[in-house]
Each structure stands twice: as structure tokens, then as C-alpha cells.
Amino acid sequence: MRHSLRSLLPLFIGGIGVVLAPVVFAAEKVVRVTPLGSHDGEFCSRDRALIFEDPDGTRILYDAGRTVAGPEDERLGKIDVVLVSHLHGDHVGDRHIRQRNAGSCAQPETPVNVLPNTNSVNIALAKNATIITGSEMPKFFAAKLKAVGGDPGASKLVRFGGSLRAGGVTITTVPAVHSNGISGEMIGGELGAMLDAAGLTAYAGPPTGYVLTFSNGMEVYLSGDTGITADQESAVRRHYDAKLAVMNIGDTFTTGPAEAAYVVNELVKPRAVIASHANEAATEEGKVIAGTRTEAFIKAAGMPVHVPLSGRTITFGPNGHCQSGC
């Protein structure tokens with residue numbers, strides 16, 4: 001009886017049990033992604049923060065923003081790297097929640113003012129983590145760390161085209177089309193007051209997106225706040241071949257759902273997407289609300305879209321396919 005190679009493979013594996021162990025071991029090498037939002041089990045208006053955990057245990061916090069309750073937030077655990085896409089308060093963290101589930105999903109309570117330090121700096125200091133950013137942001141974070149008694153050398157630079165390795169993860173920056181103004185309150189002192197009085201902001205160079213390459217081989221594109229840019233095709237897809245994308249969909253300030261769908265369908269072409277920065281109460285009891293931007297993006301995207309429900313971990317294999325929490 002003749003068999004194709006496809007039909008023989010299960011017979012071969014079943015017949016030689018010793019080969020099963022490495023196959024199972026490889027399947028366990030997943031990247032864990034955990035959203036840290038304002039309301040448990042929901043995707044809410046100010047949710048930005050994600051923790052990425054490499055199979056080797058390296059843990060990266062991306063855009064802590066306002067929904068991480070400072071360094072004491074028990075959801076953080078060990079943090080090795082803090083990434084910040086740009087210095088707007090909802091990403092770097094000008095203030096933050098005191099506790100989860102306070103206020104509404106549309107208007108979470110964020111009463112804790114942490115300026116001029118920022119939530120990201122306070123977390124990096126307490127967790128002995130490295131802040132990795134591009135553009136001119138490393139100088140800004142180095143000064144902030146020094147001002148609070150930390151090591152300015154813990155702020156590291158990685159500019160477009162270069163990369164840094166943190167544990168099993170290779171980190172590089174890619175362009176984002178947005179602004180990167182620093183508010184006067186974040187600067188503090190007389191200079192900060194003068195900028196606010198003049199209606200101006202300081203500047204820390206262009207904002208950034210990131211590509212993370214994990215030890216299981218999966219590449220992830222973190223869009224940051226951005227519009228449509230040719231680099232999403234030429235760099236993110238053609239060079240880095242991102243399998244998973246975290247895509248901002250909030251409109252007005254970033255790509256809206258239609259523009260974000262164009263980016264993932266025509267330019268980046270990942271295997272899967274995590275929606276981000278919706279600027280709306282996108283879910284109720286964990287289900288996407290009809291008529292939201294999030295629903296519009298899910299319908300327009302040509303690949304699976306995963307909604308980042310706070311506290312619900314999603315795992316991804318090397319090819320960007322969801323393994324659990326889907």
C-alpha cells in the first residue's frame with residue numbers, strides 16, 4: 001500500500017516515541033502577552049499597557065501609561081525592560097489609577113499624579129529595569145532616573161536600524177508618524193512653567209514604534225501612536241517579517257479602524273493582531289460592543305484580531321498564531 005509523506009508522518013512519530021519529546025518542548029515555547037488595563041476583563045478607553053514575556057522569562061512592559069497602579073501594582077511582577085513609544089502622558093504615564101475598576105470603562109479614575117517623574121520612570125526604578133527607547137528620549141529618561149536616585153545608565157538608546165538584546169529578546173525601533181511633545185509639567189521648574197505659559201511643549205525627537213524578536217523566533221510589531229507610513233511595508237514586513245502586530249485604532253490621534261485595517265491588510269500583513277489604543281469603552285463583560293471602533297477594526301482586518309482584555313494572558317507560538325487565551 002502506498003502512502004504520501006503526509007500520511008506516513010503520524011505513523012513515523014507514533015512508531016518512534018523518542019521524537020515526541022522535542023516536538024512537545026518546541027510547542028511550549030510561547031510568548032505570553034498580558035494586558036494591564038483599568039478594568040478587569042475589559043478593554044477600556046485608557047488601556048495601553050502590555051507585558052510581553054519571552055520563553056526564557058524576560059519580561060517587557062510596553063507603554064505603562066495610566067492603567068498600571070505604579071510600581072506596587074501586583075500585576076507587574078518582575079520587569080526587566082520598560083519600553084515607551086513616546087512622551088505623551090497616556091503612554092509614559094503622567095498620572096495613574098490608584099486601584100483597578102474605579103470609575104467607568106469609558107472614564108477610569110486616574111487620580112495619582114506622578115509628574116515630573118512619570119509612571120514609567122517610577123516603575124523602572126522600583127523594578128531595577130532598563131528603559132529602552134529611541135530618538136532623543138534616552139537622555140530625558142536618564143535625567144529622570146538620576147533625579148530620583150536611580151542609575152542614569154539604565155536608560156539605553158536604540159535608534160532606527162540598530163538593535164539591543166535584553167535576555168532572549170532583540171529590540172529595535174522603527175518609525176512612527178506622530179508627535180512627541182513633552183508637557184511643561186513633565187519638565188517641571190521654571191522652564192516647564194514658561195513652556196506651559198507660552199502654550200508650547202519641549203521635544204524629544206520623533207516618536208517610535210518597536211519590533212521585538214523573541215527567542216522562539218516570533219517577531220512583534222508595536223505600532224506606537226502612528227499614522228500610515230511606508231516603513232510599515234518596507235521595514236516592518238519586508239525586513240523584519242513581523243508575525244504579530246499591536247495596532248493602534250483610536251482615530252484622530254492615531255490610525256482609525258479603517259486606516260489601521262489597511263496597515264495590517266496591505267502593508268504589515270501579520271498573522272494576527274492585538275488591537276490597542278481604542279480610546280473607547282470597547283467591551284462590556286468581556287464582549288466587544290456593537291458599533292465601536294474595535295468592532296469596525298475586527299470586521300475590516302483580514303486576520304484574527306485579539307482584544308486585549310485586562311488581566312487575560314494570550315500566548316503566541318513562533319509563527320504568531322494564538323495558542324491560548326484567544
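Residues numbered from 1 in each chain as written. Predicted model: local features only at pLDDT ≥ 70, side-chain atom pairs only at ≥ 80, totals over all residues. Heavy atoms only, no water.

A. Fine view of the overall build of the protein chain. Check the secondary structure of the protein chain and you find 10 helices and 21 strands. Whereas a compact globule of 326 residues would reach a radius of gyration of roughly 20 Å, the protein chain reaches 20 Å, a difference of no more than 12%. Judged by the C-alpha coordinates and their principal axes, the protein chain covers about 85 × 45 × 40 Å. Burial statistics for the protein chain: of 326 residues in total, 53% are counted as buried. Residue pairs at least 24 apart in sequence account for 64% of intrachain contacts in the protein chain once pairs closer than 6 positions are excluded. (Helix = DSSP H or I, 4+ residues; strand = E, 2+ residues; numbered from the N terminus. Rg over C-alpha atoms; globule rule 2.2 N^0.38 Å. Buried < 20%, exposed > 50% of the residue type's maximum accessible area, 1.4 Å probe, protein only. Contact = heavy atoms within 4.5 Å.)

B. Looking closely at the environment of valine 169. Positionally, valine 169 belongs in strand S10 (residues 169-175). Here the alpha-carbon distance between valine 169 and proline 55, two residues 114 residues apart in the chain, equals 9.6 Å. Not counting residues up to four positions away in its chain, the partners in contact with valine 169 are Asp54, Thr58, Ile60, Leu164, Leu212, Thr213 and Phe214.

C. Just the side chain of serine 223, in detail. Inspection of the secondary structure assignment puts serine 223 in the loop between strand S14 (219-222) and helix H8 (231-237). Judged by its relative accessible area of 0%, serine 223 is buried. Here asparagine 248 takes part through its backbone nitrogen, which lies 3.3 Å from a polar atom of the side chain of serine 223. (Polar contact = N/O pair within 3.5 Å; in protein donor to acceptor, adjacent residues only side chain to side chain.)

D. Focus on the state of the cysteines. A full pass over the atoms with the stated rule returns 2 disulfides. The residue that forms a disulfide with cysteine 44 is cysteine 105, at a sulfur-sulfur distance of 2.0 Å. Taking the sign of the S-S torsion, -110° for the link of cysteine 44 and cysteine 105, the bridge is left-handed. Taken together, the residues cysteine 44 in the loop between strand S1 (31-35) and strand S2 (50-53) and cysteine 105 in the loop between strand S5 (95-96) and strand S6 (112-113) connect sequence positions 61 residues apart. Of the residues examined, cysteine 44 reaches a relative accessible area of 0% and is grouped as buried. (Disulfide = S-S within 2.5 Å.)

E. A look at the pairing of strand S16 (residues 272-276). Within S16, 5 of the 5 residues are buried, leaving the element largely enclosed by the surrounding structure. Because side chains alternate across S16, one face comprises the buried residues Ala272, Ile274 and Ser276, and the other comprises Val273 and Ala275, equally buried. Relative to S16, strand S15 (residues 244-248) runs parallel, the two being bridged by 5 bridges. Bridge pairing in S16 places valine 246 opposite isoleucine 274. At this point the chain moves from S15, through helix H9 (residues 257-268), to the parallel S16, and the crossover so formed is right-handed. In the sheet, S16 pairs with strand S19 (residues 305-306) via 2 bridges, with the strands oriented parallel. What sits directly across from isoleucine 274, in S19, is histidine 306. (Pairing = 2+ DSSP bridges. Right-handed = clockwise from strand over helix to strand, strands pointing away.)

F. Summary view of the side chain of threonine 133. Tracing the backbone through its elements, the reader meets threonine 133 in strand S7 (residues 130-133). Leaving out residues up to four positions away in the same chain, threonine 133 has contacts with Val84, Pro138, Phe141, Lys156, Leu157, Val158 and Tyr210.

G. Geometry of the packing of H9 against helix H10 (residues 293-300). Between H9 and H10, the least distance of the axes is 9 Å, while the angle of their chain directions is 30°. Relative to H10, the element H9 lies roughly parallel. Considering how the two elements wind past one another, H9 and H10 form a crossing that is right-handed. The segment H9 lies against H10, with Pro257, Ala260, Ala261, Val264 and Asn265 engaging Arg293, Ala296, Phe297 and Ala300. Its residues assigned to classes, the contact of H9 with H10 shows 7 nonpolar, 1 polar and 1 charged. (Axes fitted to C-alpha atoms, helices over the stretch in contact; angles between N-to-C directions. Parallel < 35°, antiparallel > 145°, perpendicular 65-115°, else oblique. Left-handed = near helix turned anticlockwise from the far one by under 90°. Nonpolar A, V, L, I, M, F, W, Y, C, P; charged D, E, K, R; others polar.)

H. Region of the structure containing unusual backbone geometry. Going from leucine 115 to proline 116, the amide bond is cis rather than trans, its omega being 5°. Tracing the backbone shows proline 116 in the loop between S6 and helix H4 (119-127). Located in the positive-phi region is asparagine 101, a residue other than glycine, with phi close to 70°. Here asparagine 101 is to be found in the loop between S5 and S6. Residue asparagine 101 is classed as partly exposed on the basis of its relative accessible area of 38%. One non-glycine residue, serine 135, adopts positive backbone phi at about 60°. With respect to the element layout, serine 135 can be found in the loop between S7 and helix H5 (137-147).

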